[in-house]
Amino acid sequence: MAGQRSRRRRKKEQSEYFFDYSLLFIVLFLLGFGLVMVYSASSYEAFSDPNIRDAAYYLKRQLAADIVGLAAMIVVANIPYHFWERFATLGYVMSMILILLVLTPLGIERNGAKRWIGVEGFPFNLQPAEVAKLGMILFLAALVCKIGKRVRTMKGFLVMVIVPLPIVLLVWQLTNNLSSAIIIMGISLLMVFVASPDYKKFVIMGAAAVAMAAILVLIIVNADSVEGFRSERILAWLDPESYAQGKGFQTLQALYAIGSGGVWGKGLGQSMQKLNFLPEAQNDMIFSIICEELGLFGAIAIILMFVLLLWRMMIIANNASDLFGALLVVGVMGHIAIQAILNIAVVTSTIPNTGISLPFISYGGSSVMFLLIEIGLVLSVAKRIQLKA
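Residues numbered from 1 in each chain as written. Predicted model: local features only at pLDDT ≥ 70, side-chain atom pairs only at ≥ 80, totals over all residues. Heavy atoms only, no water.

### As for the overall build of the chain
On a plain count of helices and strands, the chain comes out with 14 helices and four strands. Radius of gyration (C-alpha) of the chain: 22 Å, near the 21 Å computed for a compact globule of 389 residues. Principal-axis analysis of the C-alpha atoms gives the chain an extent of 85 × 45 × 45 Å. By sequence separation, contacts in the chain at least 24 residues apart represent 71% of the contacts at least 6 residues apart. For the chain, the accessible surface area stands at approximately 19,200 Å², while carbon and sulfur atoms represent 67% of it. Each charge class in the chain can be summarised by its mean position, and for the 31 positive and 23 negative side chains these summaries are 18 Å apart. (Helix = DSSP H or I, 4+ residues; strand = E, 2+ residues; numbered from the N terminus. Rg over C-alpha atoms; globule rule 2.2 N^0.38 Å. Contact = heavy atoms within 4.5 Å. Areas by Shrake-Rupley, 256 points an atom, 1.4 Å probe, with all protein chains shown as cover. Lys, Arg positive; Asp, Glu negative; His and termini not counted. Charge placed at Lys NZ, Arg CZ, Asp CG, Glu CD.)

### Brief notes about helix H14 (residues 365-383)
Taking 1.5 Å as the rise per residue, H14 with 19 residues should run 27 Å; its terminal C-alpha atoms sit 27 Å apart, in good agreement. For H14, a buried count of 17 out of 19 residues is recorded, marking the element as mostly surrounded by other parts of the structure. (Expected span 1.5 Å × (residues − 1). Buried < 20%, exposed > 50% of the residue type's maximum accessible area, 1.4 Å probe, protein only.)

### Focus: the packing of aromatic side chains
Across all of its chains, the model carries 10 aromatic pairs by this definition. Relative to Tyr363, the ring of Tyr58 lies with its centre 5.0 Å away and its plane at 85 degrees, an arrangement referred to as edge-to-face. A residue pair is termed long-range when its members are at least 10 positions apart, and Tyr58 in helix H3 (residues 57-77) and Tyr363 in the loop between helix H13 (323-347) and H14 qualify at 305 residues. Like Tyr58, the residue Tyr363 is buried in the burial classification. (Phe/Tyr/Trp six-rings, centres within 6.5 Å; stacked < 30°, edge-to-face > 60°.)

### Describing the side chain of Ser95
Following the sequence through the fold, Ser95 ends up in helix H4 (residues 88-100). Note on Ser95: relative accessible area 1%, which makes it buried. Ignoring any residue separated from it by four or fewer positions in sequence, one finds Ser95 in contact with Val131, Ala132, Gly135 and Ile167.

### Some details on unusual backbone geometry
The backbone of Arg53 shows a phi angle near 55 degrees, a positive value even though the residue is not glycine. Here Arg53 shows up in the loop between helix H2 (21-48) and H3. Despite not being glycine, Phe360 shows a phi value in the positive range, around 70 degrees. Residue placement: Phe360 occurs in the loop between H13 and H14.

See the structure below:
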């Protein structure tokens, strides 16, 4: 009996559970850096706005969202991730309901688009597209585990591709948010690819998507007249100088900021473009302010931090104790990677301008709170990785 107790004690001592402090440090660094840059990019605009007159207005709101998000992250990280599997279908349905709520009196319109819901007097508004991203990650991870090996058949593959489409179409059409729709579809395709790594299918889909995009651009360029703001954005992307007073204005101002920063930048807080020249400086275009104030060095440093973050997630996904945990981490990794790449591509005019924030850094309460909840899921998966001495 004593020998059995001794063996159990040694076995317990030899087993340790993993906690990724590197991942946590990177996230906290990005949050802290984001607060500094939000204040730097928004202080002039906030102080000069007669309705605000508070240089720290956006900083205070972002800090509050960070605190709530960190609290939620800690809670989620300490709950076994399989607990959320039972709510996967509910998350999918709730995502659809919340998106539909933007059509009700709860819908809040900003800059010509209804993308938020909220209650008058409540300090926070909710962006349903952010809920949909998390809901899709949970639902697809649970669905892959339920389908099993059948996901590798053509029928299973088609089911996994079709399932996200209702959410994608609702986000695109009802909230007029094409960028979030693209991110949700990108997350879904990445998770399907990991579950069913058939390169041929994805190469064909990728080639078809590129061909359709090229045809669309050619049609818009050769059209006698252009209608719709997205078509105008494509023309402004191809020739921003010709649309300098319209759709190309924000792109040109962002490029001016990037170019004027040089290698080392003008110095923190010394941006000129944030002085009411660059619209949405603290939101979608915050990367251009980073380039202007911290130069190429600062921009590369932040990109490397995102690369390290994704690398740590890849390690967790590769060592997850089961498929559900691995897919959760892959979904979060895809979300952060796609959103960061698209934001930087928009700011540098690599792709047409579309509203999309830089994860953990851009101003936006809903975005940072749900990103931190997703990080909580990743940490929960990491904590269940058992190490053997």
